[in-house]
There are 2 protein chains.
Amino acid sequence: MAKTDTLPPIAHPTRDEITIEGVLRALADPVRLAIVRQLAATGQEIACGGLTVPVTKSTLTHHLSILRHAGVVAGRQEGTTRFNSLRRKDLDALFPGLLAGVLAAPR
Amino acid sequence: MAKTDTLPPIAHPTRDEITIEGVLRALADPVRLAIVRQLAATGQEIACGGLTVPVTKSTLTHHLSILRHAGVVAGRQEGTTRFNSLRRKDLDALFPGLLAGVLAAPR
DNA sequence: GTCGTAGTTCGACAGTCACCGTACTACGTC
DNA sequence: GACGTAGTACGGTGACTGTCGAACTACGAC
C-alpha cells in the first residue's frame, strides 16, 4: 500500500465541514500565520521540526492541531515524522481569493 | 464655549497602519462577521441601530470599536447617529481577494 | 535491548476577550 | 427648560486561549 488509503489516523474535516469562521480564527494568530506563510512559500510539505516558530514543541503541536481542525493544513504521518501541507485547493474552492489576500499582506 | 467644532475625532488607522493580523482577528468573530456581511450586502452606510446583531448596545459598540481599530470599517458621526461603512477599497488594495473570499463563504 | 529523535498529551497558569448592566454624554424635539 | 433617543465609557465576570514544562508514545539506528 504505497497509496493514501491506509493511514489516516489524523482527523481532517472534509471540504464541506470547513467554515469561514474557523479558518479566520485559525489564521488570526501570528504563530499560525507564520506557519501558513512558510507552507505557502515553499508549496511543499514541511515537517513540524522544519517549521520556524518562536514557541516550544508542545505549543507548536497545539497550533498545528488548530490549523488542522480548521481545515487549513493537512498532516501526513511517515514514521515519526509528520508532514504538514497547506490545503490550498480546498481553501481556494471554498473562499476564492482569501488565501491570496492573506499572503499578499506585507508581512 | 470653545466647544468641539470639528467633530470627526474618530480614530481610524491609515491604510498603511492596517495589518493583516488585526483584520483577521477582527473578522474571526461571528458577531463582527455578521456586521461586515451586512455592510457588504447593502454596500451602504448603516447606523449602529440599523445593524442586526444578537448582542446589547454596549457590546455592539465594543465590536464596532474593534472593527474600526482594525481598519475594517469606518465611522462617520452625524448628530447622534454614527454611520458605519466598510473600508472595502483599502482592504481590497492591501489584501486583494481577502474580502471577496470571506464574503463568498456559504452563509 | 538501548538510546536518541519526532511529535503528542497532560495539567497548569496568565492574559485576553466577549458579554452584560449601569451610568454617562450629545443631540433633537417639545 | 424637560424628555426621549443614539451611542459611548466604565467596571466586572466568566470563558476561552496561548504558553510552558514534564511525562509519554512511536519509530529508527546502534
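The coordinates are above.
Owing to the predicted nature of the structure, the values given are computational and were not obtained by experimental measurement.

Caption draft 1: Inspection of the pattern of salt bridges at higher detail. The final tally for this structure, using the stated rule, is 10 salt bridges over all chains. Across the salt bridge formed by Glu45 of chain B and Arg76 of chain B, the nearest N and O atoms sit 2.7 Å from each other. One end of the pair, Glu45 of chain B, is in the loop between α2 (30-42) and β1 (46-47); the other, Arg76 of chain B, is in strand β2 (residues 73-78), and 31 residues separate them in sequence. The class of Arg76 of chain B is partly exposed, set by a relative accessible area of 34%. Residue Glu78 of chain B is joined to Arg76 of chain B by a salt bridge in which the shortest nitrogen-to-oxygen separation is 2.5 Å. Take Glu78 of chain B: its relative accessible area is 44%, and that puts it in the partly exposed class. Here the salt bridges do not stand alone but share partners, grouping Arg15, Arg87 and Asp90 of chain A into one network.

Caption draft 2: Spatial organisation of the nonpolar core. Counting residues in hydrophobic clusters, the biggest one holds 60 residues, and the most contacted among them are Val72 of chain A together with Val72 of chain B. Val72 of chain B has contacts with Val23, Ala26, Leu27, Val36, Leu67, Ser85, Leu86, Arg87 and Leu91 of chain B, leaving out every residue within four places of it along the chain.

Caption draft 3: Structural context of the sheet that holds strand β2 (residues 73-78) of chain A. Residues and elements named next belong to chain A. The three strands are arranged β1-β3-β2 in an open sheet whose pairing can be described as antiparallel. Where the open sheet ends on each side, the last strands, each with one partner, are β1 (46-47) and β2. Pairing analysis gives six bridges linking β2 to strand β3 (residues 81-86), with the strands arranged antiparallel. The residue bridging Ala74 from the neighbouring strand is Ser85, located in β3. Packing against the sheet, helix α2 (residues 30-42) makes contact with β1, β2 and β3, and its axis sits at approximately 80 degrees to β3.

Cut-offs used in this document
Residues numbered from 1 in each chain as written. Chains lettered and ligands numbered in written order. Predicted model: local features only at pLDDT ≥ 70, side-chain atom pairs only at ≥ 80, totals over all residues. Heavy atoms only, no water. Salt bridge = Lys/Arg side-chain N within 4 Å of Asp/Glu carboxyl O. Helix = DSSP H or I, 4+ residues; strand = E, 2+ residues; numbered from the N terminus. Buried < 20%, exposed > 50% of the residue type's maximum accessible area, 1.4 Å probe, protein only. Core = buried A, V, L, I, M, F, W, Y, C linked by side-chain atoms within 4.5 Å. Contact = heavy atoms within 4.5 Å. Pairing = 2+ DSSP bridges. Axes fitted to C-alpha atoms, helices over the stretch in contact; angles between N-to-C directions.

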